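The primary structure of each chain is shown beneath.
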Amino acid sequence: MPAKEAEMIVEAVGLTKIFKDFWGRPKARAVNGLDFAVRQGQVFGLLGPNGSGKSTTVKMILGLLYPSRGSLRVFGENPEDVDTKQRIGYLPEDTYLYKYLTAAETLDFFGALFGISPDERKKRSQQLLEMVGLANSYNRPVGEFSKGMARRIGLAQALINDPDLVILDEPTSGLDPIGCREVKDVIRLLAARGKTVILCSHLLADVQDVCDEVVVLYGGKIRSQGGLREILTVEDRTRIVMPRLSEAKQDELLAWLQANAGPGDINIDHPSMNLEDFFLEVVRQARDASLETAGAQSGGEIAPYLRGTSGVEGDANKVLAALSGTPDAASVEPDQSGAAAAPVAPTVDQSKLKRLSGADAVLSSDEPDASSTALDAEAARQQASEKLKGMLDTEH
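The sections below set out a description of the structure shown in this document. (Residues numbered from 1 in each chain as written. Predicted model: local features only at pLDDT ≥ 70, side-chain atom pairs only at ≥ 80, totals over all residues. Heavy atoms only, no water.)

### Some details on the overall build of the chain
If you tally the helices and strands in the chain, you get 14 helices and nine strands. A total of 396 residues make up the chain; the buried ones form 31% of that total. Intrachain contacts of the chain at a sequence separation of at least 6 include 68% that bridge at least 24 residues. When the accessible surface of the chain is summed, it comes to about 25800 Å², and 54% of that surface belongs to carbon and sulfur atoms. (Helix = DSSP H or I, 4+ residues; strand = E, 2+ residues; numbered from the N terminus. Buried < 20%, exposed > 50% of the residue type's maximum accessible area, 1.4 Å probe, protein only. Contact = heavy atoms within 4.5 Å. Areas by Shrake-Rupley, 256 points an atom, 1.4 Å probe, with all protein chains shown as cover.)

### Re the pattern of salt bridges
Across all of its chains, the model carries 14 salt bridges by this definition. Taking the shortest distance from any N to any O, the salt bridge between Asp162 and Lys195 comes out at 3.5 Å. Of the two residues, Asp162 sits in the loop between helix 5 (147-158) and strand 6 (165-169) while Lys195 sits in the loop between helix 6 (177-192) and strand 7 (196-200), which places them 33 residues apart along the sequence. Comparing Asp162 with Lys195, the two get one shared label, buried. Within this structure, Arg87, Asp162, Asp164, Arg193 and Lys195 form a network of salt bridges that share partners. (Salt bridge = Lys/Arg side-chain N within 4 Å of Asp/Glu carboxyl O.)

### Brief notes about the sheet that holds strand 6
Taken in spatial order, the six strands make up an open sheet running 5-6-7-3-8-9, and their pairing is mixed. At either end of the open sheet lies a strand with only one pairing partner, and these are strand 5 (88-91) and strand 9 (221-227). Mean inter-strand twist for the sheet, computed between neighbouring axes without regard to direction, equals 15°. Running over the sheet, helix 5 touches strand 5 and strand 6 and is turned about 170° from strand 5. (Pairing = 2+ DSSP bridges. Axes fitted to C-alpha atoms, helices over the stretch in contact; angles between N-to-C directions.)

### As for the packing of helix 3 (residues 103-113) against helix 4 (residues 118-131)
One way to put it is that helix 3 packs onto helix 4 with a least axis distance of 9 Å and a crossing angle of 130°. When the axes of helix 3 and helix 4 are compared, the pair comes out oblique. The two elements helix 3 and helix 4 meet at a crossing, and its hand is right-handed. Along its contact with helix 3, which presents Ala103, Ala104, Leu107, Asp108, Gly111 and Ala112, the element helix 4 presents Arg121, Ser125, Leu128 and Leu129. (Parallel < 35°, antiparallel > 145°, perpendicular 65-115°, else oblique. Left-handed = near helix turned anticlockwise from the far one by under 90°.)

### Let's talk about the layout of surface pockets
Volume-wise, the second largest pocket comes out at about 540 Å³. Ile88, Tyr90, Phe110, Phe114 and Gln157 are, among the 22 residues lining the second largest pocket, the residues nearest its centre. Elements supplying a minimum of two residues to the lining of the second largest pocket: helix 2 (82-85), strand 5, helix 3 and helix 5. Looking at the lining of the second largest pocket residue by residue, the classes come out as 15 nonpolar, five polar and two charged. (1 Å grid on protein atoms, 1.4 Å probe; cavity = no way out; pocket = protein on both sides within 12 Å on 5 of 7 lines; lining within 4 Å. Points joined across faces, edges and corners; volume = space filled by probe spheres on them. Nonpolar A, V, L, I, M, F, W, Y, C, P; charged D, E, K, R; others polar.)

### Considerations on the sheet that holds strand 1 (residues 8-20)
Judged by pairing direction, the sheet is antiparallel, and its three strands sit side by side in the order 2-1-4 without closing on themselves. This sheet does not close on itself; its edge strands, each paired only once, are strand 2 (26-39) and strand 4 (69-74). Pairs of neighbouring strands in the sheet enclose a mean axial angle of 20°, with direction left out of account. Note that strand 1 and strand 4 share five bridges and pair antiparallel. Directly across from Val10, in strand 4, lies its bridge partner Val74.

### As for the pairing of strand 2
As paired elements, strand 1 and strand 2 share nine bridges and run antiparallel to each other. Paired with Ala12 across the two strands is Phe36, which belongs to strand 2. Here strand 1 folds back onto strand 2 in antiparallel fashion, the turn holding five residues, of which Gly24 has a positive phi close to 80°.

### Description of empty space enclosed by the protein
All chains considered together, the criterion is met by two cavities of 30 Å³ or more. Along its surface, the largest cavity is lined by Met131, Val132, Arg152, Leu155, Leu175, Gly179, Glu182, Val183 and Val186. Those elements that provide at least two residues to the lining of the largest cavity are helix 5 and helix 6. The dominant element in the lining of the largest cavity, judged by the number of residues it contributes, is helix 6, at four residues. Taken together, the residues of the lining of the largest cavity break down into six nonpolar, one polar and two charged. Here the second largest cavity is characterised by a volume of approximately 40 Å³. Looking at the second largest cavity, the residues that line it are Pro171, Thr172, Val183, Lys184, Ile187, Leu199, Ser201, Asp206 and Val210. Looking at the lining of the second largest cavity, the elements with two or more residues in it are helix 6 and helix 7 (204-210).

As C-alpha cells, this is what we get:
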C-alpha cells in the first residue's frame, strides 16, 4: 500500500502581485507567476536578494495582501479565512512589540488573542521564556531589550499557539551564534513533529542547515527551486572522507589517484569544523567553568508543549520525592533481576528521640512559674538601686 501523501499546506499557482499607483496604473510587478507547493513537515526556504518578492509572497500567505492574479491556498482555504490564522505563527523581519509590557505580559497578551486559557498561557509562557533564554528577564519591559533579546521574545510569541505553520522572516537577525543554533534546533524539532516552516533569510548557511527545499526568487520570478541536497550536489566531483593517513600513505594514495582518476586537480587535506561549531564549543567550555555573564543566557530545553509532552508529571514526582525524603521512582536503580527496587522508607532513630524527650521533660520541670519570676525581677532591681546609690555616696 503506497505511503500516504503529506498534506498540502501552501499551494501557489501563477501567483502574481502588481502594485498600482493612485490612478490605478501598474507601478511594480513584485511577484510574477509563482508556482510552488509546501507540504506538511517541510522546512521550506524562500530566498532571493532584496526586492525579489519574498516579503510580498509572505504577506499574501498571511492574507495581508491580496493576489492580483493566480491562486493561493493555505490549508486548502483562502488566506483571508480567519480560522486558518489560528494555525499560523509569524515572526516578522522587524520585531514589533508593546515596549511597556514585560516579557511575560507580552506572551500572555498574544496567547489571549488565540483564546488560550489563562493557566495554559502561564505554563506556555514560562516554558518559552526558559527556552529562549529570557527566564531571568521575564519581568523587564521589552522596550529595554537589546535587538537580540527582542528577537528571542519575538520567536516565543510566534510559537505561543503551537502553530501548524510557522513563518520566520530573518529569525536569526541580531542573534548571537548561540541563539542562532537554538533557533535552528527549534526549527528541526517543529519539522520532526510534522509542523511546517517557511524560512526567509539572507544567511544562507542557516538555510542550508535546516531547509529541505528552497525557492530562489529574482525580479519576482522563480529562478531555481528543488530539494536542497539535489541542487547543491556537484555531480562531476567525488569526495572521500577517511581516517588520517601518514604522509607516506598520502603520497602513495595521491600517486594512485593521479594515475587512475584522469586529468584534473586532486587535493588531499584535513576536514575542519565550521566557525559556528568552534564558537559554540568555546562558549560551552566557558559556561562549564561557571564564568558569569550579564547578557542573555543560552536557552534551556525546548518547551515541552512544543515537543508534544507536558513535562509536568515528572517534575511533580521529583518535588514530592524531595519533600518526603524518598528517592524518585525514576532515580531508583534496578536490581540484578531488572526489577526496580522498592523505595526505602525513612527510619527513625529511637535513641535520639528518647534523649530529646528527656531534655524536654527536664526543661519543663525546671521552668519557674510567673509569680517567682516577678519576685526575682523585683529583687534584682532593688539590688541594682542600692549599688548605684552606694557609688554616688562614695563620689560625694
